[in-house]
Amino acid sequence: MRVSVIIPTHNEALSIERVLADLPSDLTTEVIVVDSNSSDGTPEIAAKMGARVVQEPRRGYGRACLTGLAAANSPDVVVFLDGDYSDRPSELPLLLAPIIGGPADGPVEGRADIVLGSRLQGRRSAGALPWHQVFGNRLAAGLIRLLYGVEISDLGPFRAGRAEVLRALALEETTYGWAVEMILKGALAGYRVVEVPVSYYPRIGKSKISGTLKGTVGAGWFILSLIVRYYFRQ
Ligand SMILES: Nc1nc2c(ncn2[C@@H]2O[C@H](COP(=O)(O)OP(=O)(O)O)[C@@H](O)[C@H]2O)c(=O)[nH]1
Ligand SMILES: [Mg+2]
């Protein structure tokens, strides 16, 4: 089974080496770091660590994930992971297990098409998620449970999906909405979206999204409006 890991980065030189070092290399076929104009040496460190670096000068978290997905070399499973070392890359097997299934299953014949790592179900160290992120993610997950019937508790960034499913969803959000678009479109298309608890720690370095006012308001607005929009579009 071919597993491609995609890590979007913008100035993560303080953490990217640890993220790459902690990824279980026996489980990954390729690691793609999609970098947007880092000025701190992030792509150089990533390349030195053996990752494939793809430059994406257009900013946007979703854009970087889409570029990584398009660049992946015929994967069966695609994993998304942040470059800030707030997730634990060593927990990759937790995300792959529901997709791969047990030994009786063939390759990529598990019980899930998309697996989300939940920080709110898992072990989360003090201060890893500020209160507004706990509140916002609980609210968004609650709405998704209510309107779409998907049993999730969080919208975490550490996630995995079957490559053919991710491609079929034709994701198009280039900024904050990308992560929720995957869940909504996946649920509406009848794919199996499941959640596993993952641990979460305070990031290394400075936040580009939720730690900023623009990011918090932008992400909140995009996520809630997409949840409502896709519900009425179905
Ligand atoms: N390529 C790329 N990566 C980005 C961009 N914005 C954020 N990232 C990366 O996306 C990941 C999530 O961003 P982060 O700052 O941790 O957001 P937070 O978890 O909400 O605080 C990190 O690895 C960032 O370096 C961008 O515009 N382009
Ligand atoms: Mg982060």
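Analysis parameters
Residues numbered from 1 in each chain as written. Chains lettered and ligands numbered in written order. Predicted model: local features only at pLDDT ≥ 70, side-chain atom pairs only at ≥ 80, totals over all residues. Near = placed C-beta within 6 Å. Helix = DSSP H or I, 4+ residues; strand = E, 2+ residues; numbered from the N terminus. Nonpolar A, V, L, I, M, F, W, Y, C, P; charged D, E, K, R; others polar. Contact = placed C-beta atoms within 7 Å. Core = buried A, V, L, I, M, F, W, Y, C linked by C-beta atoms within 7 Å. Buried ≥ 20, exposed ≤ 12 C-beta atoms within 10 Å, placed from the backbone. Axes fitted to C-alpha atoms, helices over the stretch in contact; angles between N-to-C directions. Parallel < 35°, antiparallel > 145°, perpendicular 65-115°, else oblique. Left-handed = near helix turned anticlockwise from the far one by under 90°. Pairing = 2+ DSSP bridges. Right-handed = clockwise from strand over helix to strand, strands pointing away.

Asker: Requested: an account of the site of ligand 1, with residues and values cited.
Answerer: Taken together, the neighbourhood of ligand 1 is formed by 21 residues, with Ser36, Ala64, Ser207, Ile209 and Ser210 sitting nearest. Elements represented by at least two residues in the shell around ligand 1 include exactly β1 (3-9), β2 (30-35) and α3 (61-71). Of the residues assigned to the shell around ligand 1, the class counts are 5 nonpolar, 8 polar and 8 charged.

Asker: Go over the environment of Ser118 with me, naming the residues and quoting the values.
Answerer: Relative to the assigned elements, Ser118 resides in strand β5 (residues 114-118). Separated by 38 residues in the primary sequence, Ser118 and Gly156 have C-alpha atoms spaced 5.8 Å apart. Discounting chain neighbours no more than four positions away, the residues touching Ser118 are Ile152, Ser153, Asp154, Gly156, Glu195, Val196, Pro197 and Val198.

Asker: Can you break down the nonpolar core residue by residue, with the values?
Answerer: Counting 65 residues, the largest nonpolar core has Val5, Ile6, Val79 and Val180 as its most contacted members. Counting residues per element, this core draws most heavily on helix α7 (residues 178-188), at 7 residues. With sequence-adjacent residues up to four places away left out, Val5 is seen in contact with Leu23, Thr28, Val31, Ile32, Val79 and Leu81.

Asker: Go over the packing of helix α5 (residues 131-148) against helix α8 (residues 213-233), please, and point to the residues and values.
Answerer: Put simply, α5 and α8 touch, their axes get as near as 10 Å, and they point 5° apart. With respect to each other, α5 and α8 are oriented roughly parallel. Residues His132, Gly136, Ala140, Leu143, Ile144 and Leu147 of α5 touch α8, and the partners they reach there are Thr216, Gly220, Ile223, Leu224, Ile227 and Tyr231. Among the residues making up the contact of α5 with α8, the classes are represented as 8 nonpolar, 4 polar and no charged.

Asker: Run through the environment of Gly122, naming residues and quoting values.
Answerer: Along the chain, Gly122 falls in the loop between β5 and α5. Take Gly122: there are 21 C-beta atoms within 10 Å of it, and that puts it in the buried class. Sequence spacing of Gly122 and Pro197 is 75 residues, and the spatial spacing of their C-alpha atoms is 4.2 Å. Residues within four places of Gly122 in sequence aside, it is in contact with Pro197, Val198, Ser199 and Tyr200.

Asker: Give me the packing of α7 against α8: which residues, what numbers.
Answerer: Where α7 meets α8, the closest approach of the two axes is 10 Å, and the angle between their N-to-C directions is 15°. It follows from the interaxial angle that α7 and α8 lie roughly parallel. Here α7 runs over α8; the crossing is right-handed. Contacts between α7 and α8 involve Val180, Glu181, Leu184 and Leu188 on the former and, on the latter, Ile223, Leu226, Ile227 and Tyr230. Considering only residue class, the contact of α7 with α8 consists of 7 nonpolar, no polar and 1 charged.

Asker: Talk me through the sheet that holds strand β7 (residues 193-197); I want residue IDs and the actual numbers.
Answerer: Consider a sheet: its strands pair through backbone hydrogen bonds, and that pairing is either parallel or antiparallel. Spatially, 7 strands are ordered β3-β2-β1-β4-β6-β5-β7 in an open sheet, and the strand pairing comes out mixed. Strand pairing shows two members of the sheet lacking a second neighbour, β3 (52-55) and β7, which therefore form its edges. The average angle at which neighbouring strand axes cross in this sheet is 20°, direction not considered. Judged from the 4 bridges that link them, strand β4 (residues 77-80) and strand β6 (residues 159-162) form a sheet pairing that is antiparallel. Counted as the bridge partner of Val77 is Arg162 from β6.

Asker: Can you explain the pairing of β2? Please cite residues and give values.
Answerer: With 5 of its 6 residues buried, β2 lies for the most part within the structure. Summarising the sheet, β1 and β2 pair through 6 bridges and their orientation is parallel. Each residue of the ladder has a partner; that of Pro8, found in β2, is Val34. Regarding topology, helix α1 (residues 16-22) serves as the crossover connection from β1 to the parallel β2, and that connection is right-handed. Strand direction decides the pairing type here: β2 and β3, joined by 4 bridges, are parallel. If you follow Asp35 over to β3, its bridge partner there is Gln55. On the question of chirality, the crossover connecting β2 to the parallel β3 by way of helix α2 (residues 42-48) is right-handed.

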